Amino acid sequence: MSSVVNRVCSFCVMDGSNPAIEFDAAGQCNCCRDALQRQPYEWWPNVQGTERIDRLVQTLRAHGKGRL
């Protein structure tokens with residue numbers, strides 16, 4: 001078993017058993033880096049998020065009205 005497989009991300013629990021995993025110099029995996037870069041655009045755990053979800057639900061309901 002190579003040492004890459006035994007390596008674990010410094011931020012999450014991902015290890016080197018995933019062949020697509022890459023670690024940076026700080027030991028953080030590419031999955032965490034990607035997720036943290038997307039976070040401001042995809043995760044809103046506050047009133048702003050609730051409002052966004054409510055608007056999305058309203059849009060989907062209006063679009064789907066009368067369809068089955």
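See above for the structure.
Residues numbered from 1 in each chain as written. Predicted model: local features only at pLDDT ≥ 70, side-chain atom pairs only at ≥ 80, totals over all residues. Heavy atoms only, no water.

Enquirer: How should the nonpolar core be read in this particular structure?
Expert: Across soluble globular proteins, you tend to see nonpolar side chains buried next to one another. Ranked by size, the top nonpolar core spans 5 residues in total: Cys 9, Ile 21, Phe 23, Cys 29 and Cys 32. Aside from chain neighbours lying at most four places away, what touches Cys 29 is Cys 9, Cys 12, Met 14, Ile 21, Glu 22 and Phe 23. (Core = buried A, V, L, I, M, F, W, Y, C linked by side-chain atoms within 4.5 Å. Buried < 20%, exposed > 50% of the residue type's maximum accessible area, 1.4 Å probe, protein only. Contact = heavy atoms within 4.5 Å.)

Enquirer: Which parts of the structure should I look at to understand the pattern of salt bridges?
Expert: Two side chains with opposite charge may pair up if their charged atoms get near one another. A complete count under the given rule lists 2 salt bridges for this structure. We note a salt bridge from Arg 33 to Asp 24, for which the minimum N-O separation is 3.6 Å. Overall, the relative accessible area of 24% leaves Arg 33 in the partly exposed class. The shortest N-O distance in the salt bridge between Arg 38 and Glu 42 comes to 3.1 Å. Of the two residues, Arg 38 and Glu 42 both sit in helix α2 (residues 30–42), 4 residues apart, roughly one turn of that helix. Given a relative accessible area of 40%, Arg 38 falls into the partly exposed group. (Salt bridge = Lys/Arg side-chain N within 4 Å of Asp/Glu carboxyl O. Helix = DSSP H or I, 4+ residues; strand = E, 2+ residues; numbered from the N terminus.)

Enquirer: Where do I start with helix α3 (residues 47–64) in this structure?
Expert: Between the first and last C-alpha of α3 there are 26 Å, a value that for 18 residues agrees with the 26 Å anticipated at 1.5 Å per step. Where α3 begins, the side chain of Asn 46 points an oxygen toward the backbone nitrogen of Gln 48, at a separation of 3.0 Å. Note on α3: the residue one or two positions beyond its end, Gly 66, has a positive phi of about 85°. (Expected span 1.5 Å × (residues − 1). Polar contact = N/O pair within 3.5 Å; in protein donor to acceptor, adjacent residues only side chain to side chain.)

Enquirer: Before we go on, may I ask you to explain a nonpolar patch on the surface in this structure?
Expert: The grouping of Ile 53, Leu 56, Val 57 and Leu 60 at the surface amounts to a nonpolar patch, some 350 Å² of accessible area in total. Tracing the backbone through its elements, the reader meets Ile 53 in helix α3. (Patch = residues over 30% accessible without salt bridge, like charges linked within 9 Å, V, L, I, M, F, W, Y side chains within 5 Å. Areas by Shrake-Rupley, 256 points an atom, 1.4 Å probe, with all protein chains shown as cover.)

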